[in-house]
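Breakdown of the fold
Below are the chains, spelled out letter by letter.
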Amino acid sequence: MIHQLNPTIYVDTPLGRGHTLFIIDYGMHQNSCWVVALEKDGIVKHFESNDVIVATNYTFHINQDGNSFGSSTFKKKGA
């Protein structure tokens, strides 16, 4: 199933921040795929759900600790 997000969700990925355009759900035996347009260059990339952190949003009380892939809490793959 493909779900188009409107409005998009602002997320942090191992390649930087971006806006999630679609989420593709392949079923219960595989992670969902997040289709993200990166903020820095507009390139569209696919990420597994394990590689996506919803950006801080104080209005909706989401990720108020400011977790991101640049913080010491999370490490990039291969680091």
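These figures come from a predicted structure and were not determined experimentally.

1. A few points about the environment of G18
Among the secondary structure elements, G18 is positioned in strand β2 (residues 16-24). When its relative accessible area of 0% is taken as the criterion, G18 is described as buried. Put simply, G18 and I43 are 25 residues apart on the chain and 9.4 Å apart in space, counted from C-alpha to C-alpha. For G18, the residues in contact, after removing those within four places along its chain, are I9, Y10, V11, V36, A37, L38 and E39.

2. Quick look at the sheet that holds β2
With antiparallel pairing, five strands are arranged side by side in an open sheet as β4-β3-β2-β1-β5. Because the sheet does not close on itself, it has two edges, and the strands there are β4 (44-48) and β5 (53-54).

3. Details of the nonpolar core
Soluble globular proteins tend to pack their nonpolar side chains together in the buried interior. Counting eight residues, the largest nonpolar core consists of L5, V11, I23, W34, V36, L38, F47 and V52. Broken down by secondary-structure element, the contributors of at least two residues to this core are β1 (2-13) and β3 (33-38). Among the elements that line this core, the one with the most residues is β3, at three residues. Those residues in contact with W34 that sit more than four places away from it in its chain are V11, T20, F22, I23, K45, H46, F47, E48, S49 and V52.

4. Description of the confidence of the model for the chain
In this model, the chain carries an average pLDDT of 86, and 89% of its residues clear a pLDDT of 70 or more. No element of the chain has a lower mean pLDDT than β5, which averages 90, and none a higher one than β3, which averages 97. Note that residues 75-79 has pLDDT below 50 and, in this model, three contacts with residues that lie over four places away or in other chains.

5. Here we look at the pairing of β4
In regular strands, side chains alternate between the two faces of the sheet. Two elements, β3 and β4, share five bridges in a ladder whose sense is antiparallel. Paired with V35 across the two strands is H46, which belongs to β4. The turn linking β3 back onto β4 is made up of five residues, and G42 within it adopts a positive phi angle of 75°.

Scoring rules and cut-offs
Residues numbered from 1 in each chain as written. Predicted model: local features only at pLDDT ≥ 70, side-chain atom pairs only at ≥ 80, totals over all residues. Heavy atoms only, no water. Helix = DSSP H or I, 4+ residues; strand = E, 2+ residues; numbered from the N terminus. Buried < 20%, exposed > 50% of the residue type's maximum accessible area, 1.4 Å probe, protein only. Contact = heavy atoms within 4.5 Å. Pairing = 2+ DSSP bridges. Core = buried A, V, L, I, M, F, W, Y, C linked by side-chain atoms within 4.5 Å. pLDDT = per-residue confidence, 0-100.

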